[in-house]
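As a plain string of letters, each chain reads:
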Amino acid sequence: MELGGDPRTVPAGNAGTTIADRVVAKIASQAAREALGVLPRDAEPPHASVVVRHGSARVRVHVELDYPGDIGGRCARVRRRIVDRVRDLAGMSVPEVVVEVERLHLAARPDTVGGRLP
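Residues numbered from 1 in each chain as written. Predicted model: local features only at pLDDT ≥ 70, side-chain atom pairs only at ≥ 80, totals over all residues. Heavy atoms only, no water.

### Section: the overall build of the protein chain
Stage number 1. The secondary structure content of the protein chain amounts to 2 helices and 5 strands.
Stage number 2. Mapped from its N terminus to its C terminus, the protein chain presents α and β elements in the order β-β-α-β-β-α-β.
Stage number 3. Scored against the burial criterion, the 118 residues of the protein chain give a buried share of 36%.
Stage number 4. Long-range pairs, those at least 24 residues apart, make up 59% of the contacts in the protein chain between residues at least 6 apart in sequence.
Stage number 5. Total accessible area on the protein chain is roughly 7500 Å²; 51% of this is exposed by carbon and sulfur atoms. (Helix = DSSP H or I, 4+ residues; strand = E, 2+ residues; numbered from the N terminus. Buried < 20%, exposed > 50% of the residue type's maximum accessible area, 1.4 Å probe, protein only. Contact = heavy atoms within 4.5 Å. Areas by Shrake-Rupley, 256 points an atom, 1.4 Å probe, with all protein chains shown as cover.)

### Side note on the confidence of the model for the protein chain
Stage number 1. Confidence along the protein chain averages 84 in pLDDT terms, with 78% of residues attaining 70 or more.
Stage number 2. Ignoring residues within four places in sequence, the model shows residues 1-5, a span with pLDDT below 50, making 2 contacts including any to other chains. (pLDDT = per-residue confidence, 0-100.)

### Considering helix α2 (residues 71-90)
Stage number 1. Between the first and last C-alpha of α2 there are 28 Å, a value that for 20 residues agrees with the 28 Å anticipated at 1.5 Å per step.
Stage number 2. Taken as a whole, α2 has its buried residues at Gly73, Arg74, Cys75, Val78, Ile82, Val86 and Ala90.
Stage number 3. Once α2 finishes, Gly91 follows within two positions and takes phi at roughly 70°, a positive value. (Expected span 1.5 Å × (residues − 1).)

### Description of the environment of Glu100
Stage number 1. Looking at the element boundaries, Glu100 is found in strand β5 (residues 93-106).
Stage number 2. The spatial distance from the C-alpha of Glu100 to the C-alpha of Arg60 is 7.3 Å, given a sequence separation of 40 residues.

### Description of helix α1 (residues 21-36)
Stage number 1. Look at α1: 23 Å from first C-alpha to last across 16 residues, which is about the 22 Å you get at 1.5 Å a residue.
Stage number 2. Within α1, burial applies to Asp21, Val24, Ala25, Ile27, Ala28, Ser29, Ala31, Ala32, Ala35 and Leu36.
Stage number 3. Those residues of α1 that are buried are in contact with β2 (17-20), β3 (47-53), β4 (56-67) and α2.
Stage number 4. A positive backbone phi angle near 70° is found at Gly37, which sits one or two residues after α1.

Written as structure tokens, this is what we have:
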């Protein structure tokens, strides 16, 4: 690998492979989807942005969750899954994962219509 190459790519692990930030962001987005499971009907899928420096990735992921629910627990699962998947697939450490909950979706109950009480 040449020094002074594309600044958006870094060597992954010891193999000398270069992985672009956008690829790591896709890995993180998919990991968040896996951790969340079924999303609310009208929710946008998770999307991530990544900054890679010196072989480690700092991740910011945006999610939409159903409410009520264990928001903290679900965010913790997202963090763990992203750290594991980026480490396993890209060979990078992930010292920081910020989970931003963009929107909460009221979970439909049997006595509601479209998430609202009649």
